Amino acid sequence: MISTNDLRRGTVIKIEGVLFSVVDAQHVKPGKGGAFVRTKLRNIKKGTVIDKTFRAGEKVEDVRLENRPMQYLYEEGDSLVFMDNATFENYSVGKDLSGDILKYIKEGDTVTIMLYEDRPISVEPPMFVTLKVTYAEPGLKGDTSNNPQKKVTVETGAEFSVPLFVLDTDTIKIDTRTGEYVERVK
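Please read these numbers as outputs of a predicted model, since none were measured by experiment. (Residues numbered from 1 in each chain as written. Predicted model: local features only at pLDDT ≥ 70, side-chain atom pairs only at ≥ 80, totals over all residues. Heavy atoms only, no water.)

Here's the deal with the environment of Thr134
Reasoning step 1: Tracing the backbone through its elements, the reader meets Thr134 in strand E12 (residues 128–136).
Reasoning step 2: In this structure, the C-alpha to C-alpha distance between Thr134 and Asp170, residues 36 residues apart in sequence, is 8.5 Å.
Reasoning step 3: Every residue in contact with Thr134, bar those within four places of it in the chain, is listed here: Thr153, Val154, Glu155 and Asp168. (Helix = DSSP H or I, 4+ residues; strand = E, 2+ residues; numbered from the N terminus. Contact = heavy atoms within 4.5 Å.)

Okay, here's the thing in structure tokens:
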């Protein structure tokens, strides 16, 4: 058990059998009445965010999660198959838990899988990925006002907005947290 006063961003707690990740926690001490903790919690399975208020000092169930690096092997129906880099054991993870990760990874890439009681509950890609551009629209010559962008398609089939100078022979770096172009990689 953990006190609500100790809730921090990233802490995982269990409420009524459901796992939540703390997105934001704010300790409030009003002039009148008891202190409380106002939180934003993300349901780990569904991805939905809820607001919940706890009394200060109230106890909630703390959850210990294990993060393991795993290699993406292949897609199988409605799930993705990953291999644990240490034990070589395969894990099948539903696409509903992995979100839009296929935009950023290809077979053989390493990701971090969060396990609870030896069951995968979420899949996180690396913070930055490098992907080869397979198609890029030609940029308009002379259009340099207001940071112009164009769409490119990368080897995973996803589309990203990039500066006009990116060509279809380039490799680009993408921030997986925002889905934005970072730089061109040589």
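Next comes the rest of the account.
As for a nonpolar patch on the surface
Reasoning step 1: Together, Met127, Phe128 and Val182 line one region of the surface with nonpolar side chains, adding up to about 250 Å² of accessible area.
Reasoning step 2: Its place among the elements puts Phe128 in strand E12. (Patch = residues over 30% accessible without salt bridge, like charges linked within 9 Å, V, L, I, M, F, W, Y side chains within 5 Å. Areas by Shrake-Rupley, 256 points an atom, 1.4 Å probe, with all protein chains shown as cover. Salt bridge = Lys/Arg side-chain N within 4 Å of Asp/Glu carboxyl O.)

Notes on the pairing of strand E5 (residues 49–55)
Reasoning step 1: With seven bridges connecting them, strand E4 (residues 36–43) and E5 associate as antiparallel partners. Within E5, the residue paired with Arg42 across the bridge is Val49.
Reasoning step 2: The turn joining E4 and E5, which pair antiparallel and follow one another in sequence, is formed by five residues; a positive phi near 85° is taken by Gly47. (Pairing = 2+ DSSP bridges.)

So, the sheet that holds strand E15 (residues 171–175)
Reasoning step 1: The sheet built from five strands is open, its strands ordered E14-E13-E12-E15-E16 with antiparallel pairing. Of all the strands in the sheet, just strand E14 (159–163) and strand E16 (180–185) have a single pairing partner and so form its edges. Across the sheet, the mean angle separating the axes of adjacent strands is 50° when strand polarity is ignored.
Reasoning step 2: Both E12 and E15 contribute to a ladder of five bridges, which runs antiparallel. Opposite Phe128, over in E15, you have Asp175 as the bridge partner. (Axes fitted to C-alpha atoms, helices over the stretch in contact; angles between N-to-C directions.)

Let's talk about the pattern of salt bridges
Reasoning step 1: Taken as a whole and assessed by the stated rule, the structure comprises twelve salt bridges.
Reasoning step 2: Where Asp100 meets Lys103, a salt bridge forms, and the shortest distance between an N and an O atom there is 3.9 Å.
Reasoning step 3: Note that Lys173 and Glu183 form a salt bridge whose closest N and O atoms lie 3.6 Å from each other. One end of the pair, Lys173, is in strand E15; the other, Glu183, is in strand E16, and ten residues separate them in sequence.
Reasoning step 4: One salt-bridge network, held together by shared partners, links Glu66, Arg68, Asp84 and Asp118.

Notes on the side chain of Thr176
Reasoning step 1: Position of Thr176 among the secondary structure elements: in the loop between E15 and E16.
Reasoning step 2: At 2.6 Å, the side chain of Thr176 forms a polar contact with the backbone oxygen of Pro126.
Reasoning step 3: Apart from residues no more than four positions distant in its own chain, Thr176 is found in contact with Tyr104, Pro125, Pro126, Met127 and Val129. (Polar contact = N/O pair within 3.5 Å; in protein donor to acceptor, adjacent residues only side chain to side chain.)

Describing the sheet that holds strand E10 (residues 110–116)
Reasoning step 1: Taking strand neighbours across the sheet as the criterion, the five strands line up as E9-E8-E7-E10-E11 in an open arrangement whose pairing is antiparallel. Two strands in the sheet have a free side with no partner beyond their single neighbour: strand E9 (90–94) and strand E11 (119–124). Pairwise comparison of adjacent strand axes, ignoring direction, gives a mean angle of 45° for this sheet.
Reasoning step 2: Here strand E7 (residues 66–76) runs beside strand E8 (residues 79–84); their pairing, made up of six bridges, is antiparallel.

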